[in-house]
Amino acid sequence: MNLHFLGPSLLVGLLAAVLPTWLHRIGRKRARPFPFPAMELLLGADRQVAARRRLREVLLLVTRTLLAAAIPLAIARPFAWVRSEIPQTSALPQTAVVLIDDSASMSRSPGLAQSPLFERARTQALRLVSSFAPESEVALVLASEGTTTPLAELSNDRNRAIAALSTAHGSFRRADFRSALARAAQIADTGGQRDRHIYLFTDLQRSGWEEVDPTTAARDVPVNMADVSNGALWENHAVVDLVTEPTPDSGVGGVATTAEIANYAATPVQGLGLTFRLDDEDIARTTVDVPAGGRVRKRILHPLPPGRGHVIQAMLDKDRFPADDSRLARLDVARGIKVLLVNGDPRTVRNEDEVFFVEAALRASGSLFTPEILAPDDLARRPLGDVNAVVLANVGALPEEGARKLVAFVQGGGGLLIGVGDHVDPEVTNRQLGAILPQPFGAPRTASAQPGAGREGETIDERPAERLLPISLDRRHALLTNLPDGEGLTSSRFFRYLLLQPTAEGAERAVVLRYESGAPALIEGEAGRGRVLVLTTSLDREWTDLPIRPGFLPLMQEAMRYLAGAPSSDARASLLVGQRRSLPVTADEKRLEIRSPSGQVYVLTPDAPPPGKHAVREGDRTPRLVPFDRTDEPGTYRVRGVHEDGSVVERPGDTFVVNLDPRESDPARLAPDKRPDAASRGPGGAPGAVRRFELWHVIGAILVGLLVAESLLSVRWPRRWPRPTELWLKLVAPRAPGGSP
Amino acid sequence: MADAHRLSHDVAPGKLGLDPAALARLASLPLRARVIVQGATAGMHHNPHAGSSIEFAEHKEYAPGDDIRHIDWKAVARVGRYYIKRFEDDNEMRTYLLLDASASMGFGRKGVSKLTYATYLCAAFGHLLGLQGDAAGLLVFDQEIRRTLPPRTRPGHMRDLFAALEAAFPAGRTGLERALSQVAEVADKKSLVLIFSDLLDAPATLASRLRQVRSHGHDVVLFHLLDPEEIELPYDDLLHFEGVEPGDERRLLADPAELRAAFRKESLAFRARWQGTCREGRIEYRFASTDRPPSDVLREFLFARQRHFTGVAGAAR
């Protein structure tokens, strides 16, 4: 801390500090000689009080010296530049958007008996807002994914901002700084002040910054960042995955549960306690050794009790971030999803067959899916009553009867996945399946030549292949929720795909995946009570290498679960915080009640279905799906239906669990060059948040204290305080009329 | 003084006389003595019965100061040495006034000095004794015996005593032991020894010397005189205190206000110590602050004596 002065010339007054010593010496010299006979008594008295007197004299001299020095020191207005917890701010009126990281990692406490980081961030933000000039406009934005904005409009009302800050609370969601900064910049742009700032309070965890370009994150609004963790390293271990799978070999109802434990510390952890609980009862207790920065898997085999809605939990010994020390999984394993694979391009070489990769992906799940391959011409003859989903793989024209049957199947609640290819004629398909297609097919587009596909003498198309747009991976979508790794999809190359025609009906259509060009790669649509997924490229390797990428297998399995309407399956019933859960409501049910892990009950009342869609026909018992978004707490959510007659029916099969996004467990910090304020921090990356700390008022307080001390030291206190009666006699009695002197 | 126990009183002791400062304004020491005695004996009257026994008791070798009228000339003729005849129940009582005239007794800033105050008391005692026909002697001393007046009843003795008192001046160091030794040597029968001193810087052996004198049968009364400033230390300014007696090199720079409370305690303990010492040695202790009227001191002494002798006579009956 460097000391500075506004008026350094006034420090000459420090010479006054020698005055008390000088006066003391002068006073001693000026004492006159006094002959006194009772020296023995005097010296005896002096021996009694000498120690106390000397101490008092020294203290008085020190106090007076400090007093004499403090006065010129205070007048010289000393100050120091100190590191500030809160970002440096201007004294001028400004437009300020306070952005607080409320993600799950902010709920951890940095040390014993310390408040969570979010509380620290809130406190610092309150101090910052209180320091703004009166005319400043303030808004408040939270950084977690999908969260609401507490104070979206800039306000001059300081109390409103403080109230919004005071009521804000942390979440268990993942941080999404790209959206948050964009939102903050958008709000800041509406401000009336010339000076605009975004003040960001975060723990600088790298997670949440992956898609942020530091140079353009907040457009032209400067971002002032405050690291509420003070740069402290954070060692964490977490359960990052919990997978259950049926193991018929271990008997009827046998299940294998595998927990993946990650150690994010720089030192290995040994003997870390791990407990498995099934339906709130411990079933296994073990310890794990995890290398530094590594992961280990622990697998247990156990029987699954009869009934539905079982929940298994893997729990680690608690650390300072307990939210990720536990993970839940639903254990109901759906079996026997019947999938009809309509092969539009059968081949004799198996791996060149159109449905080879789809069939292999479905069969890899064991007994979950039962795929059946069918030629397009046989579709009309095949009853679809036992079929849950149909896959059209590069199918050209269908027999008219088959097409009508397929449309009826979908509108009656069935699922359909369409993969295209060279055999698909957009016009024919649009005509035959237009009633159920989310969007009409357009012309095919070739992005680049497929490697090895060019013939001799042909001009090679050297353009790069199309890839999926990473940010289009909306992990909140039920299809992508359980994909273990987004890389498995984004590494795929697409050489040719089908463009889609514009459509006016966008409400029931959703783009799940996009290409880098912006064209839809996978779209979802509702048709009647069923669902249709359209992959605008092939299901074999003819137009893409997606089938040989790691993401293909889980994508196909999830797609079939999704289309088969198997919401109670284990995969669909395990969500991440903030993800949407669609719950079926039967025609008998008036509403659903969902009890959160903390005991709060949410009521879901299905709206009347729109005309033409979800129309409940007379006698139709097909359930409707109702979205539930309040998945803010990790834990088990239990569902029960309330019927029209008032009866309440527990629905264990719809029990679902919500887990923390494992990326929030990674304590890796954001690199300095990735920070949006990297430019303002200078090349050395030195912390820029400093503020002027005025010291004159501190010295003033010391001055007052010294004055009081000097007064107390100067007063000669009686050795014994007079009793009240003595005081009365001394003060009042002499004045009383007739009182004796 | 032998008739002191014959006094009776009609009034209680109190401040009846003039204070020392007022006394100082009077013209001469005899007058002051008379005023003090009048103030002290106001309301008292003499016992009309006087003792007259002159039965021979013993011989005592002559010493300077003895009345030559009592020399046994027959014994001189027989043995060639001078002897004094002594008698039982002799009503004439000899009193020795021991006046400390050391430098410390000259202290007294606002009123009279301790020495002046002591001379007033000595003069008053001399006058009273003279009125009763008793012999009063005087020893003025510092570390040496400066002046000695043997007890006499002859005419003119009182004049000599007043003159000696008026001539006393403060100087030198206190030497009370020497004066007591002198008294022990010259006092040939039970005498009354009145000591006037501030006892400051008195040696530790003084107490035993006092008890020694008392053991010879003398009636010893110690008048402890202190100036009010030696009790209260009423100063405010920073002072450089220094000793007053020759050879006293002690110095102390102090703020009196800081020392006042402790000094009072020391002063009180000093007096209590001497009071206890006197009580153990059956010596009468009288403390007198020099701002009190001397007649009050004299009166209290006389009343105390009267009570004492009345009590002794009652016990004998």
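Values in this document were obtained by computation on a predicted structure and should not be read as measured data.

**Some words on the overall build of chain B**
Item 1. In terms of regular secondary structure, chain B is built from 10 helices and 10 strands.
Item 2. Every one of the 317 residues in chain B was classed for burial, and the buried ones make up 51%.
Item 3. Residue pairs at least 24 apart in sequence account for 76% of intrachain contacts in chain B once pairs closer than 6 positions are excluded.
Item 4. Here chain B displays about 14,400 Å² of accessible surface, and carbon together with sulfur accounts for 51% of that area.

**Some remarks on the sheet that holds strand β12 (residues 281-290) of chain A**
Residue and element names in this part refer to chain A.
Item 1. Ordered in space as β12-β11-β14-β15, the four strands form an open sheet in which the pairing is antiparallel. Two strands bound the open sheet, and with one partner strand each, they are β12 and β15 (326-330). Within this sheet the neighbouring strands show an average axis-to-axis angle of 20°, counted without direction.
Item 2. Strand direction decides the pairing type here: strand β14 (residues 311-316) and β15, joined by five bridges, are antiparallel. Directly across from alanine 314, in β15, lies its bridge partner arginine 327.

**Here's the deal with the packing of aromatic side chains**
Each aromatic ring pair is characterised by the separation of its centres together with the angle its planes make.
Item 1. Going through the model one piece at a time under the given rule, you end up with 24 aromatic pairs over all chains.
Item 2. An angle of 55° between the planes, with centres 5.9 Å apart, marks the rings of phenylalanine 36 of chain A and phenylalanine 263 of chain B as tilted. You can see phenylalanine 36 of chain A sitting in the loop between β2 (32-35) and α2 (39-75) and its partner phenylalanine 263 of chain B sitting in helix α9 (residues 256-280), one on each of two chains.
Item 3. Over the ring of tryptophan 234 of chain A we find arginine 108 of chain A; its NZ or CZ atom is 3.9 Å from the centre of that ring.
Item 4. A cation over an aromatic ring shows up here: arginine 146 of chain B above the ring of phenylalanine 169 of chain B, its NZ or CZ 4.2 Å from the ring centre.

**With respect to the confidence of the model for chain A**
All names here are of chain A.
Item 1. Here chain A averages 82 in pLDDT, while 83% of its residues score no lower than 70.
Item 2. Every residue in residues 567-571 is under pLDDT 50, and counting partners more than four places away or in other chains gives 20 contacts.
Item 3. In the predicted structure, residues 736-741 sits below a pLDDT of 50 and forms one contact with residues beyond four places in sequence or in another chain.

**Focus: a nonpolar patch on the surface**
Item 1. Taken together, the side chains of Leu19, Trp22, Leu23 and Ile26 of chain A present a nonpolar region at the surface, about 390 Å² in accessible area.
Item 2. Its place among the elements puts leucine 23 of chain A in helix α1 (residues 19-30).

**Regarding the packing of helix α7 (residues 206-215) of chain B against α9 of chain B**
Residue and element names in this part refer to chain B.
Item 1. At a minimum axis distance of 10 Å, the contact between α7 and α9 shows a crossing angle of 30°. As judged from the angle between their axes, α7 and α9 are roughly parallel. For α7 against α9, the interelement crossing comes out right-handed. Here Leu206, Ala207, Leu210 and Arg211 of α7 come into contact with α9, specifically with Trp274, Thr277 and Glu280.
Item 2. Within the contact of α7 with α9, the residues separate by chemical class into four nonpolar, one polar and two charged.

**Concerning the packing of helix α4 (residues 114-132) of chain B against helix α5 (residues 157-167) of chain B**
Residue and element names in this part refer to chain B.
Item 1. Contact geometry of α4 with α5 gives a least axis separation of 10 Å together with a crossing angle of 175°. Considered as vectors, α4 and α5 are oriented roughly antiparallel to each other. For the pair formed by α4 and α5, the contact residues are Thr119, Cys122, Ala123, Gly126, His127 and Gly130 on the first element and Met158, Phe162 and Leu165 on the second.
Item 2. Counted by class, the contact of α4 with α5 contains five nonpolar, four polar and no charged residues.

Criteria and thresholds
- Residues numbered from 1 in each chain as written.
- Chains lettered and ligands numbered in written order.
- Predicted model: local features only at pLDDT ≥ 70, side-chain atom pairs only at ≥ 80, totals over all residues.
- Heavy atoms only, no water.
- Helix = DSSP H or I, 4+ residues; strand = E, 2+ residues; numbered from the N terminus.
- Buried < 20%, exposed > 50% of the residue type's maximum accessible area, 1.4 Å probe, protein only.
- Contact = heavy atoms within 4.5 Å.
- Areas by Shrake-Rupley, 256 points an atom, 1.4 Å probe, with all protein chains shown as cover.
- Pairing = 2+ DSSP bridges.
- Axes fitted to C-alpha atoms, helices over the stretch in contact; angles between N-to-C directions.
- Phe/Tyr/Trp six-rings, centres within 6.5 Å; stacked < 30°, edge-to-face > 60°.
- Lys NZ or Arg CZ within 6 Å of the ring centre and 35° of its normal.
- pLDDT = per-residue confidence, 0-100.
- Patch = residues over 30% accessible without salt bridge, like charges linked within 9 Å, V, L, I, M, F, W, Y side chains within 5 Å.
- Salt bridge = Lys/Arg side-chain N within 4 Å of Asp/Glu carboxyl O.
- Parallel < 35°, antiparallel > 145°, perpendicular 65-115°, else oblique.
- Left-handed = near helix turned anticlockwise from the far one by under 90°.
- Nonpolar A, V, L, I, M, F, W, Y, C, P; charged D, E, K, R; others polar.

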